[in-house]
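A closer look at the structure
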Amino acid sequence: MEALNTIRPELLTFSREQIVAISPYIWLFGGSVLAIVAAALRVISPKWPVFLITLATLIAGTISSFLLMSNEPMVLFSGKMVADVYANFFNLIFMISAIVTAMASLRYLDDGKIQHPEYYLLLLFSVMGMMLMASSLDLVVLFIALELMSLSVYVLVGFRRTDRRSNEAAMKYFILGGAASAILLYGAALLYGATGSTGIRDMLAFIQKSPEGVSPLFVLGSWLVVIGFLFKVASVPFHMWMPDVYEGAPAPITGFMTTGLKAAAFAAFMRVFVSAGYGAGLAESLRTHLHDILWISAVLTMVVGNVIALTQTNLKRMLAYSSISHTGYLLVGMIAGPLSEQGYAPVALYLVSYAAMNLGAFVILTILAAKDDSGLNLHDMSGLSRRHPWIAFSMAVFMLSMAGIPPTAGFAAKYYLFYSAIQAREVPLVVISVLCSAISVYYYLRVLVYMYMRDPVESPSGQRVSIWAALAVAAMVALTLQIGVLPERMVTAARKAVISL
Amino acid sequence: MNYVQPWVILAFSAIIFFIGFAGILVRRNILVVLMCIELMLNAANLTFVTFSKQLHHMGGQMSVFFIITVAAAESAIGLGLVVAMFRTLRSVDTDDIQLLRE
């Protein structure tokens, strides 16, 4: 009977403020239910009702997240979840990348004869999982959100059912992703045993109460959780799955994975990291321990990602390796975070800029892809500037941005990131990252050379450009240039988000 | 009344976890690999329950329900992917997954 007394009625009712604070999640949930019904009906046409509901839901969610950016942090569901600026900042990244992905996929799915309404549903579910990941304060809730996101994405990766590559990629991703989730969960179980709670903030309180040293159980548990996260963000030595999965997945989904999934994994990683007191409160020995793990992983990730990307001729695979190298830069920001005065703001800014430029690049690949995602080799890009001048121009902007050349988002983000690393006195790390970034210029500019300086080839790729995809590309070009020319506003937003942690 | 000591169960679940992990690395049949993933998740479940009993804290036992549900969803999707792969590949052997390695 004791347990019954602990149910407090105030936990079972919602106040008005709480409902407002979770309104983005309510929008998404309501929209998914509506979309399921619309998908089951299939009366008018298989694509339009679900597509429009998905788009409307995501736009409503984006607007409410944007309006909530200035609200005070609010802890919900008895400390399992928090709605703060940080969560809303990342919600915006997830929902905008889903909008762009949905818009780019419309024509692509028609061309591949795989226009099933479930595609948009799965997209909505995975966005829901990402949003919960960025706002969860409990390792078990985090695990459930992670699985909600991953399970939807496993299916999306294998969405081209008749294509062997897609199936193999989905299977590979499923096995390795499932193993990583299980490792993370086992780590959470050990942390629960060591601290007596699965809540991240309770863990921090427990560590601060016993400063004389942490138990080996705690160290092992946090190791396993860190390994799980490093796998999800695909840093070396846990990167082996990534190029294969990115190559096999449908092109718009690859874009979604490089931006949404990566941002979600980093959002949760940072929250666990900061809340578990990486910056303050942890024992000194444990802190240097974690610092060393991340340092080695960051250097390996940057070097391996960039060097292997040099030799790739398939654009999807090249962007997969470049995605690995960008993970390395982000890890540099994670290391510098607690030691510099910017905190983790550079990481948040980098994730936004990376999302803008990478999504744009993948929408272009989606437009150019022929059936079964062939025709994405470098020589297929030859003379693109004559066939599709605007697409070639946009691709050039994204490539320059990824290489980090000034008037683009990539430069602003990299500058801010390396500046904070210098403040944290990580000079060797900055030197390595700048050298790696110099290597990367070669393979990004090679795409430009092919597009502008080679004669056109007969390419099987799509001749007409869908208006939705063109809109998405234009929006991403605008965002990339906007962050590059006037980074001020985005920097302020990122800083506010990180302070609210 | 003889109770089993908590550390025995913890050691047992750690062993199960590593059997599962080794199985993923070593076994070649995808269905067995799926079972190994389940094994790892169940090892985590056992650990949660043991710690919950040891700490007199209900949170751990509650988590197990959620984890079981997630594991069920995961195996449903895993089997679906295996079926889809079998249709194009005519095999459930991980050695045959090599198209992307070229």
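Residues numbered from 1 in each chain as written. Chains lettered and ligands numbered in written order. Predicted model: local features only at pLDDT ≥ 70, side-chain atom pairs only at ≥ 80, totals over all residues. Heavy atoms only, no water.

1. Describing the overall build of chain A
Under the convention used in this document: Each helix is a run of H or I in the DSSP string that is no shorter than four residues. Each strand is a run of E no shorter than two, and both are numbered from the N terminus. In this setup the radius of gyration rests on C-alpha atoms only. A globule is expected at 2.2 Å times the number of residues raised to 0.38. By the convention used here, residues are in contact when the closest approach between their heavy atoms is within 4.5 Å. Method for areas: the Shrake-Rupley scheme with a 1.4 Å probe, in which residue coverage is limited to the protein chains shown. Positive charge is attributed to Lys and Arg, negative charge to Asp and Glu, and no charge count is given to His or to the chain ends. To locate a charge, take atom NZ for lysine, CZ for arginine, CG for aspartate or CD for glutamate.
Regarding its fold elements, chain A presents 22 helices and 2 strands. For 501 residues, the compact-globule estimate of 2.2 N^0.38 gives 23 Å, and chain A sits close to it at 22 Å. Projected onto the principal axes, the alpha-carbon positions of chain A cover approximately 75 × 60 × 40 Å. Counting only contacts in chain A whose residues sit at least 6 apart along the sequence, the fraction spanning at least 24 positions is 80%. As displayed, chain A offers around 18,200 Å² of accessible surface, 69% of which is attributable to carbon and sulfur atoms. In chain A, 31 positive and 26 negative side-chain charges are present, and the distance between their average locations comes to 6 Å.

2. A short note on the overall build of chain B
In terms of regular secondary structure, chain B is built from 3 helices and 0 strands. Sequence-ordered secondary structure for chain B, helices as α and strands as β, is α-α-α. By the compact-globule yardstick of 13 Å for 102 residues, chain B is too spread out, its C-alpha radius of gyration being 17 Å. Overall, the C-alpha framework of chain B stretches about 55 × 25 × 25 Å when taken along its three principal axes.

3. A few points about helix H1 (residues 6–26) of chain B
Residue and element names in this part refer to chain B. Threshold: A helix is expected to span 1.5 Å for every residue after the first. Note on exposure labels: buried denotes an accessible area under 20% of the residue type's maximum, exposed denotes more than 50%, and partly exposed covers the range between, all computed with a 1.4 Å probe on protein chains only. Our arc is simply the arc of the directions from the helix axis toward the C-beta atoms.
A rise of 1.5 Å per residue sets the reference length of H1, with its 21 residues, at 30 Å; its end C-alpha atoms lie 30 Å apart and thus fit the reference within 8%. Inspection of H1 places Ser13, Ile16, Phe17, Gly20, Gly23 and Ile24 among the buried residues, and these make up the whole buried set. For H1, the angular spread of buried residues about the axis comes to 125°, placing them on one side. Relative to its buried face, H1 has exposed residues pointing more than 90 degrees away, namely Trp7, Ile15, Phe18, Leu25 and Val26.

4. A few points about the pattern of salt bridges
Residues and elements named next belong to chain A. Defined as follows: The working definition used for a salt bridge is a side-chain nitrogen of Lys or Arg within 4 Å of a carboxyl oxygen of Asp or Glu.
A full pass over the atoms with the stated rule returns 8 salt bridges over all chains. Between aspartate 84 and arginine 271 there is a salt bridge whose closest N-O contact spans 3.2 Å. Of the two residues, aspartate 84 is situated in the loop between strand E2 (81–83) and helix H6 (85–111) and arginine 271 in helix H13 (residues 251–275); the sequence distance between them amounts to 187 residues. A salt bridge links arginine 160 to aspartate 163; the shortest N-O distance between them is 2.9 Å. On the basis of relative accessible area, aspartate 163 is assigned to the buried category, the value being 11%. Among the charged side chains, a network of salt bridges with common partners joins Arg165, Lys172, Asp244, Glu247 and Arg317.

5. Quick notes on helix H5 (residues 48–68) of chain A
Relative to the 30 Å expected for 21 residues at 1.5 Å per residue, H5(A) spans 30 Å between its end C-alpha atoms, a close match to the ideal helical length. Buried residues along H5(A) sit in contact with helix H3 (16–21), helix H4 (23–41), H6, helix H7 (118–135) and helix H21 (467–485) of chain A.

6. Considerations on the side chain of B:Glu74
Position of B:Glu74 among the secondary structure elements: in helix H3 (residues 59–89). Within the buried core, B:Glu74 has no salt-bridge partner, and the shortest N-O distance to an opposite charge, that of A:Lys232, equals 8.5 Å. Contacts of B:Glu74, omitting those with residues within four sequence positions, involve A:Glu147, A:Leu151, A:Phe174, A:Gly178, B:Ile37 and B:Leu41.

7. Thoughts on the packing of aromatic side chains
Residues and elements named next belong to chain A. Filter applied, for reference: Two aromatic rings from Phe, Tyr or Trp, using only the six-membered ring of Trp, form a pair when their centres are within 6.5 Å; if the ring planes differ by under 30 degrees the pair is stacked, by over 60 it is edge-to-face, and anything between is tilted.
Counted by the stated rule, this structure contains 24 aromatic pairs over all chains. Here tyrosine 173 and tryptophan 241 contribute two aromatic rings whose centre-to-centre distance is 5.0 Å and whose plane-to-plane angle is 15°, an arrangement assigned as stacked. Here tryptophan 241 lies in helix H12 (residues 241–248) and tyrosine 173 lies in helix H9 (residues 164–195), a separation of 68 residues in the sequence. Tryptophan 241 matches tyrosine 173 in its accessibility class, with the two residues each being buried. Look at phenylalanine 229 and phenylalanine 269: their rings are 5.1 Å apart centre to centre, the planes differ by 15°, and that puts the pair in the stacked class. With phenylalanine 229 in helix H11 (residues 216–232) and phenylalanine 269 in helix H13, the pair connects residues that are 40 residues apart, well separated along the chain. In this structure, phenylalanine 229 and phenylalanine 269 share a single accessibility class: buried. Put simply, the rings of Trp48, Phe51, Tyr119, Tyr120, Phe159 and Trp468 pair up and form one aromatic cluster.

8. A few points about the packing of H1(B) against helix H2 (residues 30–55) of chain B
Residue and element names in this part refer to chain B. Defined as follows: Between N-to-C directions, angles span 0 to 180 degrees; the directions come from axes that are lines fitted to C-alpha atoms, helices contributing only their stretch in contact. Any angle that falls under 35 degrees is termed roughly parallel, while one over 145 is termed roughly antiparallel, one within 65 to 115 roughly perpendicular, and all others oblique. Each helix crossing is assigned a hand: it is left-handed if the near helix lies turned anticlockwise from the far helix by less than a right angle, otherwise right-handed if that turn is clockwise. Just so you know the grouping, Ala, Val, Leu, Ile, Met, Phe, Trp, Tyr, Cys and Pro go in nonpolar, Asp, Glu, Lys and Arg go in charged, and all remaining residues, Gly too, go in polar.
For the pair H1 and H2, the least separation of the axes is 8 Å and the interaxial angle reads 160°. Classified by the angle their axes make, H1 and H2 are roughly antiparallel. The interaxial crossing formed by H1 with H2 has left-handed handedness. Across the interface between the two elements, Pro6, Ile9, Leu10, Phe12, Ser13, Ile16, Phe17, Ile19, Gly20, Phe21, Gly23 and Ile24 from H1 touch Val33, Cys36, Ile37, Leu39, Met40, Ala43, Leu46, Thr47, Thr50, Phe51 and Gln54 from H2. The class makeup of the residues in the contact of H1 with H2 is 17 nonpolar, 6 polar and no charged.

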